[in-house]
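Here is what each chain is made of, one letter per residue.
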Amino acid sequence: EAQVTQNPRYLITVTGKKLTVTCSQNMNHEYMSWYRQDPGLGLRQIYYSMNVEVTDKGDVPEGYKVSRKEKRNFPLILESPSPNQTSLYFCASSSIARADTQYFGPGTRLTVL
Amino acid sequence: DQQVKQNSPSLSVQEGRISILNCDYTNSMFDYFLWYKKYPAEGPTFLISISSIKDKNEDGRFTVFLNKSAKHLSLHIVPSQPGDSAVYFCAATYGGSQGNLIFGKGTKLSVKP
């Protein structure tokens, strides 16, 4: 089954404790991205990757890092989480030819205390 | 400044009737528009899209209309079914945006039996 998976689905952590949210897709997609969804703000792009070893900032990259060492994986790293990073995070992927039509993972709900 | 606006947070429709969800945008560079549907505890699912060179695109019960002069698009669902109850996000992008989808805040559709 074609899918985008994220882990963990739920995470409660404390300020300053480094964490990684993993994202994996099995569709051989070149393009992957991370979004966060906040009440009253819709979804906003954090980072994206056009292919392996190619990443770039989206609209709200501050406080986040990403890496793309393999085509299927695109982890989101919070080196020092803060309460304003409490949010619902979605990973998405698509073929490079259709980067506008992205397929989303189920989401990771992160709470930073 | 919100570039994609969905001014109705919620909409309630009777089963079998038409559902019309509206979306306005401000950025004239947008040339591709999408609708995503989101159920609770799941990621957004691509529903239908339209290029700016068209004014209508139809897929089964779903039709999207684009009025470029008014910078307005709408999603029509006919006939509405209880399973259509979800949050609907309008999104827009443009060539060169590197797949950055700009989302509206969403409209929660409730279809009552």
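Above this note sits the structure.
All values reported here derive from a predicted model rather than from experimental measurement. (Residues numbered from 1 in each chain as written. Chains lettered and ligands numbered in written order. Predicted model: local features only at pLDDT ≥ 70, side-chain atom pairs only at ≥ 80, totals over all residues. Heavy atoms only, no water.)

1. Brief notes about the overall build of chain A
Secondary structure assignment for chain A yields zero helices and eleven strands. The order of α-helices and β-strands along chain A, N terminus first, is β-β-β-β-β-β-β-β-β-β-β. Its C-alpha atoms give chain A a radius of gyration of 13 Å, within 12% of the compact-globule value 13 Å for 113 residues. Principal-axis analysis of the C-alpha atoms places the extent of chain A at approximately 40 × 30 × 25 Å. Residues classed as buried in chain A amount to 50% of the 113 residues present. In chain A, once contacts between residues fewer than 6 apart in sequence are set aside, the share between residues at least 24 apart is 54%. Surface accessibility of chain A: about 5,300 Å² in total, with carbon and sulfur atoms responsible for 52%. Here chain A holds 13 positive side-chain charges and 10 negative ones, and the gap between their average locations is 6 Å. (Helix = DSSP H or I, 4+ residues; strand = E, 2+ residues; numbered from the N terminus. Rg over C-alpha atoms; globule rule 2.2 N^0.38 Å. Buried < 20%, exposed > 50% of the residue type's maximum accessible area, 1.4 Å probe, protein only. Contact = heavy atoms within 4.5 Å. Areas by Shrake-Rupley, 256 points an atom, 1.4 Å probe, with all protein chains shown as cover. Lys, Arg positive; Asp, Glu negative; His and termini not counted. Charge placed at Lys NZ, Arg CZ, Asp CG, Glu CD.)

2. Structural notes on the pattern of salt bridges
Taken as a whole, this structure holds six salt bridges over all chains when the rule is applied. Two residues, D38 of chain A and R44 of chain A, come together in a salt bridge whose shortest N-O distance is 2.8 Å. On the basis of relative accessibility, which here comes to 10%, the residue D38 of chain A falls in the buried class. One salt bridge connects K56 of chain B with E58 of chain B, and the closest N-O pair in it is separated by 4.0 Å. Residue K56 of chain B is classed as partly exposed on the basis of its relative accessible area of 43%. (Salt bridge = Lys/Arg side-chain N within 4 Å of Asp/Glu carboxyl O.)

3. Brief notes about a nonpolar patch on the surface
Residue and element names in this part refer to chain A. Residues I12, V14 and L113 make up a contiguous nonpolar surface patch of about 320 Å² in total accessible area. As for its placement among the helices and strands, V14 is situated in the loop between β2 (10-13) and β3 (19-25). According to the relative accessible area criterion, V14 is partly exposed, its value standing at 44%. (Patch = residues over 30% accessible without salt bridge, like charges linked within 9 Å, V, L, I, M, F, W, Y side chains within 5 Å.)

4. Considerations on the state of the cysteines
The tally for this structure, following the rule as stated, stands at two disulfides over all chains. Two residues share a disulfide in this structure: C23 of chain A and C91 of chain A, whose sulfurs sit 1.8 Å from each other. In this structure, the disulfide formed by C23 of chain A and C91 of chain A twists by about -75° around the S-S bond and is classed as left-handed. Of this pair, C23 of chain A sits in strand β3 while C91 of chain A sits in strand β9 (residues 87-94); the two residues are 68 residues apart in sequence, bridging distant segments of the chain. Classification of C91 of chain A by relative accessible area gives buried; the value is 0%. A disulfide bridge connects C23 of chain B with C90 of chain B, and the sulfur atoms are separated by 2.1 Å. (Disulfide = S-S within 2.5 Å.)

5. Points about the nonpolar core
Ranked by internal contacts, the top residues of the largest apolar core, which has 24 residues, are F33, W35, L73, L75 and Y88 of chain B. With four residues, the single largest contributor to this core is strand β9 (residues 86-93) of chain B. Apart from the residues within four sequence positions on either side, Y88 of chain B is in contact with Q6, L21, W35, Y36, K37, L47, L75, I77, G106, T107 and L109 of chain B. Ranked by size, the runner-up nonpolar core spans 18 residues in total, among them M32, I46, V60 and F74 of chain A. (Core = buried A, V, L, I, M, F, W, Y, C linked by side-chain atoms within 4.5 Å.)

6. Comments concerning the packing of aromatic side chains
Under the counting rule described, the total for this entry stands at 14 aromatic pairs over all chains. Ring plane angle 80° and centroid distance 6.4 Å describe the contact between F90 of chain A and F104 of chain A, whose orientation is recorded as edge-to-face. Here F90 of chain A, found in strand β9, pairs with F104 of chain A, found in strand β10 (residues 103-104); they are 14 residues apart in sequence, far enough to count as distant. An angle of 85° between the planes, with centres 6.2 Å apart, marks the rings of F89 of chain B and F103 of chain B as edge-to-face. Taken as a pair, F89 of chain B in strand β9 and F103 of chain B in strand β10 (residues 102-103) lie far apart in primary sequence, 14 residues in all. Using a relative accessible area of 1% as the deciding quantity, one classes F89 of chain B as buried. (Phe/Tyr/Trp six-rings, centres within 6.5 Å; stacked < 30°, edge-to-face > 60°.)

7. Focus: the sheet that holds strand β3 (residues 19-25) of chain B
Residues and elements named next belong to chain B. Taken in spatial order, the five strands of this open sheet run β1-β3-β8-β7-β6, and their pairing is antiparallel. Both outer strands of the open sheet, β1 (4-5) and β6 (56-59), are each paired with one neighbouring strand and no more. Bridging between β6 and strand β7 (residues 62-67) involves four bridges; their strand directions are antiparallel. For D59, the partnering residue across the bridge sits in β7 and is F62. (Pairing = 2+ DSSP bridges.)

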